[in-house]
Each structure stands twice: as structure tokens, then as C-alpha cells.
Amino acid sequence: MILPLYAYPEKDTWRDLLKRPAIDSTSLEASVANILNEVKLHGDEAVKRFASMFDKVTIANLAVTALEMKEADAFVDPNLKAAIRQANMNIEKFHEPQLKLEEQIEITAGIKCWRKNVAIDKVGLYIPGGTA
């Protein structure tokens, strides 16, 4: 879909120009639920199948190698890299205070409570195109 180009639109038109398209997400939600269920049941094999189906690529290994990371890095605009570094610093600054050691609180004799943060070993993301 080719969107129209607006050069210097009047301020009173901004709200309408920035509206996201309204879509009926009922069928979309059912499709996403099916994909999530398939990945839950079949793991990496389902991810590879959906990559082939949606992206028309065959993936042998889902892990990204150091060489692939280096090659991809060459394609990223320096301004985007700077923005990502800034976002990383902001995120670290926000979450660093949460790294405190767990403090145990005895709420009743013999009953102790505490907060425990647990890191995630691996995570996979698929970011499709669209209006998101």
C-alpha cells in the first residue's frame, strides 16, 4: 500500500493524519493464537515453518552467529546505533536500582517473604510488518 505524502500539513489536520488505520482484529487474534499455540507445542520447528511461510526463508539454525552480527552491524545507520545506545543507557539507568539484593522480611514468626528477580536464559522475537 502506498501512502500519500504530506508536506507541511496544517496543524489542525495532524490528529487525523496520525490516526492508525482501524482494522477488525478478530481474525488476526485467532491467527496469532494459532501461531503461539503451534510454537508452544512444536518449538523451534514451528518457528522455522512460520519463517518459511511468512518470510519465504529457510532457517537452519535460529541462533545468530558472531559473524552474522558483524555483517548486520555494517548495514545499520550510525544515527540509529546512537539512538539504540541511548535507549540502552536509559533502560539500564531505570532498572539498575531494581538489582538490589533481596531483602527478607519476617512478616510473622517463622514466615519470611522476599522479592526475587530471575534472568531469562533465552528469548525469541518475531516482529511482523503491519500497523504496529
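Just so we're clear, the structure is a prediction, and the values are computed from it rather than from any experiment.

Draft legend 1. How the structure looks around unusual backbone geometry. In this structure, Y8 is a non-glycine residue whose phi angle is positive, near 50°. Relative to the helices and strands, Y8 resides in the segment before α1 (14-17). Taking relative accessible area as the criterion, Y8 reaches 80% and is therefore assigned exposed. Its identity as a non-glycine residue notwithstanding, K56 has a phi of 60°, on the positive side. By secondary structure assignment, the location of K56 is in the loop between α2 (26-55) and α3 (66-73).

Draft legend 2. Spotlight on the environment of G124. Checked against the element boundaries, G124 lands in the segment after β2 (111-113). Its relative accessible area of 67% is what places G124 among the exposed residues. Linking G124 and A63, residues 61 residues apart in sequence, is a C-alpha distance of 9.6 Å.

Draft legend 3. Local environment of α2. Along its 30 residues, α2 runs just 23 Å from first to last C-alpha, ending more than 12% under the 44 Å computed at 1.5 Å per residue. Along its length, α2 shows its largest kink, about 135°, at H42. Those residues of α2 not exposed but buried are E38, A46, F50 and A51.

Draft legend 4. Molecular detail of the pattern of salt bridges. Overall, the coordinates contain four salt bridges when judged by the stated rule. Where E38 meets R49, a salt bridge forms, and the shortest distance between an N and an O atom there is 3.0 Å. When its relative accessible area of 18% is taken as the criterion, E38 is described as buried. Owing to a relative accessible area of 37%, R49 belongs among the partly exposed residues under this scheme. Between K48 and E45 there is a salt bridge, with its nearest N and O atoms 3.7 Å apart. Placement of the pair is K48 and E45 together in helix α2, with a separation of three residues, close to one helical turn. Judged by relative accessible area, E45 falls into the exposed class, the value being 53%.

Draft legend 5. Spotlight on a nonpolar patch on the surface. Together, Y6, W14, L17 and L18 give the surface a local cluster of nonpolar side chains, amounting to about 460 Å² of exposed area. With respect to the helices and strands, L17 occurs in helix α1. For L17, a relative accessible area of 33% puts it in the partly exposed group.

Draft legend 6. The pairing of strand β1 (residues 105-108), seen in detail. Both β1 and β2 contribute to a ladder of three bridges, which runs antiparallel. Directly across from T108, in β2, lies its bridge partner I111.

Draft legend 7. Focus on the environment of C113. Position of C113 among the secondary structure elements: in strand β2. When its relative accessible area of 37% is taken as the criterion, C113 is described as partly exposed. Residues C113 and E103, ten residues apart in the sequence, show an inter-C-alpha distance of 8.4 Å. Apart from the residues lying within four places of it in its own chain, the contact partners of C113 are E103, Q104, I105 and I107.

Definitions and limits used
- Residues numbered from 1 in each chain as written.
- Predicted model: local features only at pLDDT ≥ 70, side-chain atom pairs only at ≥ 80, totals over all residues.
- Heavy atoms only, no water.
- Helix = DSSP H or I, 4+ residues; strand = E, 2+ residues; numbered from the N terminus.
- Buried < 20%, exposed > 50% of the residue type's maximum accessible area, 1.4 Å probe, protein only.
- Expected span 1.5 Å × (residues − 1).
- Bend = angle between axes of the 7 residues up to and from the residue.
- Salt bridge = Lys/Arg side-chain N within 4 Å of Asp/Glu carboxyl O.
- Patch = residues over 30% accessible without salt bridge, like charges linked within 9 Å, V, L, I, M, F, W, Y side chains within 5 Å.
- Areas by Shrake-Rupley, 256 points an atom, 1.4 Å probe, with all protein chains shown as cover.
- Pairing = 2+ DSSP bridges.
- Contact = heavy atoms within 4.5 Å.

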